[in-house]
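# Summary of the model geometry
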Amino acid sequence: MAKHRSKARNKQRSTSRRTQLVGLTAALAATAGTIGFTASMGEASTASTGLSPSQADALTAARVERRDLGSRDASRINLSLAEAKAYQERAARGTLTSRRALALSAAKAKSAQLAAAKAKAVAAAKAAAVAKEAALAKEAALAKAKAAAGPKVVLPTTGYHLTARFNQAGGRWAHNHTGLDFAAAYGTPVRAVMAGEVIQAAFEGAYGRQVKVRHADGTVTSYSHMSEFDVSVGDSVTAGTQVGAIGMTGNTTGPHVHFEVLPDGENPVNPDPWLRKHGVNP
């Protein structure tokens, strides 16, 4: 009888061990496939698996630890994803900033180039304007000087006709005629034919009132038979300056001016070619 009871106890212990193993296996399977059971679910599992309270507590602790590990892993994954996204955003912003910087730099360079070209064009226009203004001023000054100086050579009077030529013979002269006679109305102005200095303004016998002018090259021109003097010795005259007026003083038969050219100041030459050589036609 005692032997029979011992066998029964052994059988019961063996069955109990198998039951515990089965329950532990089920618990491990439940732990691997399920996260987040509640306490009530734990109690139900304990009841269904036949776990003891200590085994159930151990199982619950394992579940909680696994859940915490999963949460921490998820948090790490989420943090890594956030960091990666932030890095990508920073990289994108950096690329965008670089592109904007390049575009801004190119725009500034182009603007500077355009500004330089505009400044160059403005400077060239100003230089051209200054040069044109200088040329106009020079031209005006030359014209003014020319107008002030007057013509280089003029005829001795106006409204005339020639009544006697050079070397012409006649009873009115002691020798052949020594100049040109320009006959005009009494009182018509007599002019210096070229710039020079008055060296004589006096009455000279048969020549009547006579004015002589010495020019820069040493040539002397003479104006005789005038009715008046309009210059004095030492006066400076230009071409066209009035030195007297047509008259009949001295040896003459009518109002005229007797004009002579003396290259050396003493000996007269034909005034006709001399005047033509200087650009006037008597």
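Just so it is clear, the structure is predicted and the values come from calculations on it, not from any experiment.

## Digging into the overall build of the protein
When helices and strands are counted, the protein shows four helices and nine strands. Counting from the amino terminus, helix and strand elements in the protein follow one another as α-α-α-β-β-β-β-β-β-β-β-β-α. A total of 282 residues make up the protein; the buried ones form 24% of that total.

## Comments concerning the nonpolar core
Formed by 24 residues in total, the largest nonpolar core has its most connected members in Val190, Val211, Tyr223, Val243, Phe259 and Leu275. Among the elements of the structure, strand E2 (180-183), strand E5 (209-215), strand E6 (220-229), strand E8 (242-246), strand E9 (256-262) and helix H4 (271-277) are those that each provide at least two residues to this core. Sorting elements by how many residues they give to this core places E9 first, with three residues. For Val211, the residues in contact, after removing those within four places along its chain, are Val198, Gln200, Ala201, Thr221, Ser222, Tyr223, Met226, Phe229, Val231 and Val243.

## Overview of the packing of aromatic side chains
Per the stated rule, a full pass over the model turns up three aromatic pairs. When the centroid spacing of 6.4 Å and the interplanar angle of 75 degrees are considered together, the rings of Phe182 and Phe259 count as edge-to-face. Separated by 77 residues along the polypeptide, Phe182 in strand E2 and Phe259 in strand E9 bring together distant segments of the chain. Side by side, Phe182 and Phe259 carry an identical accessibility label, which is buried. Between Tyr223 and Phe259, the ring centres sit 5.5 Å apart and the planes meet at 45 degrees, which makes this aromatic pair tilted. Taken together, the residues span a long stretch of sequence, with Tyr223 in strand E6 and Phe259 in strand E9 at a distance of 36 residues. Neither residue differs from the other here; Tyr223 and Phe259 are each classed as buried.

## Brief notes about the environment of Val211
Relative to the helices and strands, Val211 is located in strand E5. Note on Val211: relative accessible area 0%, which makes it buried.

## A few points about the pairing of strand E4 (residues 196-203)
Pairing between E4 and E5: seven bridges, direction antiparallel. Within the sheet, the bridge partner assigned to Val198 lies in E5 and is Val213. Adjacent in sequence and paired antiparallel, E4 and E5 are bridged by five residues, among which Gly205 carries a positive phi angle near 55 degrees. Across two bridges, E4 lies against strand E7 (residues 236-237) in antiparallel orientation. Across the sheet, Gly196 pairs through a bridge with Val237, a residue of E7.

## Quick word on the confidence of the model for the protein
Taken over all residues, the pLDDT of the protein has a mean of 80, while the share at 70 or more is 68%. Contacts for the low-pLDDT stretch residues 27-46, under 50 throughout, to residues beyond four places or in other chains number 18 contacts.

## Thoughts on the side chain of His256
Of note, His256 is situated in strand E9. For His256, a relative accessible area of 9% translates into the label buried. A polar atom in the side chain of His256 sits 2.9 Å from the backbone oxygen of Gly254. Excluding its chain neighbours within four sequence positions, the residues that come into contact with His256 are Asp181, Phe182, Ala183, Ala184, Ser224, His225, Ile246 and Gly247.

## As for the side chain of Ser222
Looking at where Ser222 falls in the secondary structure, it is placed in strand E6. One polar contact links Ser222 to Gln210, side chain to side chain, over a distance of 3.2 Å.

## Quick look at the pattern of salt bridges
Per the counting criterion, the structure on display carries two salt bridges. Two residues, Asp272 and Arg165, come together in a salt bridge whose shortest N-O distance is 3.2 Å. Taken together, the residues span a long stretch of sequence, with Asp272 in helix H4 and Arg165 in the loop between strand E1 (161-164) and E2 at a distance of 107 residues. When its relative accessible area of 11% is taken as the criterion, Asp272 is described as buried. With its nearest N and O atoms 2.5 Å apart, the salt bridge here joins Arg276 to Asp272. Residue Arg276 and its partner Asp272 are both found in helix H4; the two are separated by four residues, about one turn of the helix. Each member of the salt-bridge network shares a partner with another, and the members are Arg165, Asp272 and Arg276.

Calculation notes
Residues numbered from 1 in each chain as written. Predicted model: local features only at pLDDT ≥ 70, side-chain atom pairs only at ≥ 80, totals over all residues. Heavy atoms only, no water. Helix = DSSP H or I, 4+ residues; strand = E, 2+ residues; numbered from the N terminus. Buried < 20%, exposed > 50% of the residue type's maximum accessible area, 1.4 Å probe, protein only. Core = buried A, V, L, I, M, F, W, Y, C linked by side-chain atoms within 4.5 Å. Contact = heavy atoms within 4.5 Å. Phe/Tyr/Trp six-rings, centres within 6.5 Å; stacked < 30°, edge-to-face > 60°. Pairing = 2+ DSSP bridges. pLDDT = per-residue confidence, 0-100. Polar contact = N/O pair within 3.5 Å; in protein donor to acceptor, adjacent residues only side chain to side chain. Salt bridge = Lys/Arg side-chain N within 4 Å of Asp/Glu carboxyl O.

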